[in-house]
Amino acid sequence: MASVFNFNAGPAAMPRAVLEKAQIELMENAGTGMSVMEMSHRSKEFREIIDNAASGVRRLLRVPETHAILFLQGGASLQFAMVPMNLRRPGKSADYVDTGVWASKAIREAQITGRVNVAWSGQEDGYSRAPKPSELSLRSDAEYLHICSNETIGGVQWTGLPETEAPIVADMSSEILSRVIDVSRFGLIYAGTQKNLGPSGLAIVIIRKDLAERAPKDVPIILRYSTHIADGSLYNTPNTWGVYMVRLICDWTEAQGGVRTIQELNEKKAAALYAALDSSSFWLCPVEKESRSTMNVVWRLSSEALEDRFVTDAEKEGLFGLRGHRISGGIRASIYNAVPPEAVDTLVSFMKEFERRNG
Ligand SMILES: *Cc1c(COP(=O)(O)O)cnc(C)c1O
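How each quantity is defined
Residues numbered from 1 in each chain as written. Predicted model: local features only at pLDDT ≥ 70, side-chain atom pairs only at ≥ 80, totals over all residues. Heavy atoms only, no water. Domains from an automatic or database assignment. Contact = heavy atoms within 4.5 Å. Buried area = accessible area lost by both parts, 1.4 Å probe. Salt bridge = Lys/Arg side-chain N within 4 Å of Asp/Glu carboxyl O. Polar contact = N/O pair within 3.5 Å; in protein donor to acceptor, adjacent residues only side chain to side chain. Helix = DSSP H or I, 4+ residues; strand = E, 2+ residues; numbered from the N terminus. Phe/Tyr/Trp six-rings, centres within 6.5 Å; stacked < 30°, edge-to-face > 60°. Buried < 20%, exposed > 50% of the residue type's maximum accessible area, 1.4 Å probe, protein only. Pairing = 2+ DSSP bridges. Axes fitted to C-alpha atoms, helices over the stretch in contact; angles between N-to-C directions. Parallel < 35°, antiparallel > 145°, perpendicular 65-115°, else oblique. Left-handed = near helix turned anticlockwise from the far one by under 90°. Nonpolar A, V, L, I, M, F, W, Y, C, P; charged D, E, K, R; others polar. Near = heavy atom within 4 Å. Areas by Shrake-Rupley, 256 points an atom, 1.4 Å probe, with all protein chains shown as cover.

This brings us to the domain arrangement of the protein. Considered domain by domain, the protein is made up of domain 1 (17-255) and domain 2 (259-358). Each side of the interface is counted separately: domain 1 has 25 residues, and domain 2 has 23 residues. Surface buried jointly by domain 1 and domain 2 totals about 2,000 Å² across both partners, of which 54% is contributed by carbon and sulfur atoms. Connecting domain 1 to domain 2 are zero salt bridges. Between the two partners, domain 1 and domain 2, sit twelve residue pairs in polar contact (both at pLDDT 80 or more). Of all the secondary-structure elements, those providing two or more residues to the side of domain 1 that touches domain 2 are α2 (44-61), β6 (150-151), β7 (156-157) and α6 (240-255).

Here it is, written out as structure tokens:
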């Protein structure tokens, strides 16, 4: 067991077994006499690592052969810029749904290089839910529809997907590998790896190969998806350690029984926490029931002073990372794949006790 329960939003908890395996292999990787950090990214050994990382993701998410899997630097934030540069042709527009902080950041970046149609915004409702498909004002000439499928800061998660003619692009940074998805319904999926997939400094991109051919000629070579597809994510030196860690996370996820099993566990963890929040008016969850995230559970208490006390007292019990994002305040428990059910059980017991003392 870890020495504390870690509810950080990202970088976030890693499975203990993965860290132990990385520790064993840190000095010497599989009989090579050197650490993975010392290897050439063009060596046979590293190619095997990056191939295994990609095939692990492919198996776990059943990614069809129509889609390529890329490991890129710059985190999810670079994808906010790369997506419109590559997928929205000159003079054309793209549909974006504004569900919170991360979706808005993607919108701001897309507006710099071209036209954006905000097809729905939750801003006036304080970003308390995801839209129903029927509420979206989609444009028939949109090059793609961009969504953030799980808002890490606001705790808002999509359930269904709209039927669209334009390909759907999804920022899945904080929910990838947490539930079963039908990849064939997406034109592009991207995720910073530091939530459910590994360490920071790396993003995974799953892209329908034909969309990579759209990029206008003025997109720099390094920012084209087609470059990275052609070079198997080895156009320049990738974050080799990060890729290695993603491979270990994939192995671990498969050993847990795969994404479906993990999803069931995640739903149980989230249900236990939301049940505690709904059990009393002492806690206030601002997110509407149908849109509540299974990964990032957010709530408020009656005052900021009480929220401060909650976070401080929780740390004394070994429960870390519960302070809400600096933008939103409040409390947030990120309960990613690597956060064990015992962590949630311990948190729920602590909440009952805290309410008894402060209610
Ligand atoms: C964390 C996060 C990002 C930003 O990731 P970086 O790797 O820091 O660029 C973007 N979108 C979502 C949904 C996130 O959770």
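Counting across every chain of the model gives twelve aromatic pairs. The interplanar angle of 75° and the centroid separation of 6.2 Å between the aromatic rings of Phe80 and Tyr190 together place this pair among those described as edge-to-face. Linking Phe80 in helix α3 (residues 75-87) with Tyr190 in strand β9 (residues 186-192), this pair joins segments that are 110 residues apart in sequence. The interplanar angle of 55° and the centroid separation of 6.2 Å between the aromatic rings of Phe282 and Phe354 together place this pair among those described as tilted.

Burial along strand β13 (residues 331-334) is two-sided: Ile331 and Ala333 facing one way and Arg332 and Ser334 facing the other are all buried. By the bridge criterion, four bridges tie strand β11 (residues 296-299) to β13 in an arrangement that is antiparallel. In the sheet register, Asn296 faces β13, and the bridge partner there is Ser334.

A pair of packed helices can be characterised by two numbers: the angle between their axes and the separation between those axes. Direction vectors running N to C along helix α8 (residues 304-316) and helix α9 (residues 341-358) enclose 130°, while the axes themselves pass 11 Å from each other. Classified by the interaxial angle, the pair formed by α8 and α9 is oblique. Crossing angle aside, the handedness with which α8 passes α9 is right-handed. Between α8 and α9, the contacting residues are Leu306, Arg309, Phe310, Asp313 and Ala314 on the first element and Leu347, Phe350, Met351, Phe354, Arg357 and Asn358 on the second. Along the lines of polarity and charge, the residues of the contact of α8 with α9 split into seven nonpolar, one polar and three charged.

Attention shifts here to the environment of Ile327. On the secondary structure map, Ile327 appears in the loop between β12 (319-320) and β13. A relative accessible area of 54% places Ile327 in the exposed class. Separated by 226 residues in the primary sequence, Ile327 and Val101 have C-alpha atoms spaced 8.8 Å apart.

Moving on, we get to the site of the ligand. Lining the immediate surroundings of the ligand are 13 residues, of which Ser77, Thr152, Asp171, Gln194 and Lys195 lie closest. Ser77 places a side-chain nitrogen or oxygen 2.6 Å from an oxygen atom of the ligand. Asp171 is positioned such that a nitrogen or oxygen atom in its side chain is 2.6 Å from a nitrogen atom of the ligand. Computed on the free molecule, the ligand has an accessible area of 390 Å², of which 87% lies beneath the protein chains in the complex. In terms of residue count, the dominant contributor to the shell around the ligand is α3 (four residues).

Another aspect to go through is the pattern of salt bridges. A full pass over the atoms with the stated rule returns 19 salt bridges. For the salt bridge of Glu25 with Lys21, the shortest nitrogen-to-oxygen distance reads 3.4 Å. Highlighted residues: Glu25 and Lys21, both in helix α1 (residues 16-25), separated by four residues, approximately one helical turn. We classify Lys21 as partly exposed; its relative accessible area is 37%. Here Glu307 and Arg300 are joined by a salt bridge, their closest N and O atoms 2.9 Å apart. Bridged by salt links that share partners, the residues Asp313, Lys316, Glu353, Arg356 and Arg357 form one connected network.

Within the open sheet, the seven strands sit side by side as β2-β10-β9-β8-β5-β3-β4. Their pairing is mixed. The sheet terminates laterally at β2 (67-72) and β4 (115-121), the two strands that pair on one side only. The average angle at which neighbouring strand axes cross in this sheet is 20°, direction not considered. Of the pairings in the sheet, the one linking strand β3 (residues 93-98) to β4 comprises six bridges and is parallel in character. Of the residues in β4, the one forming a bridge with Ala94 is Val116. Taken strand by strand, α2 contacts β2 and β10 (203-208), and its axis lies near 130° from that of β2.

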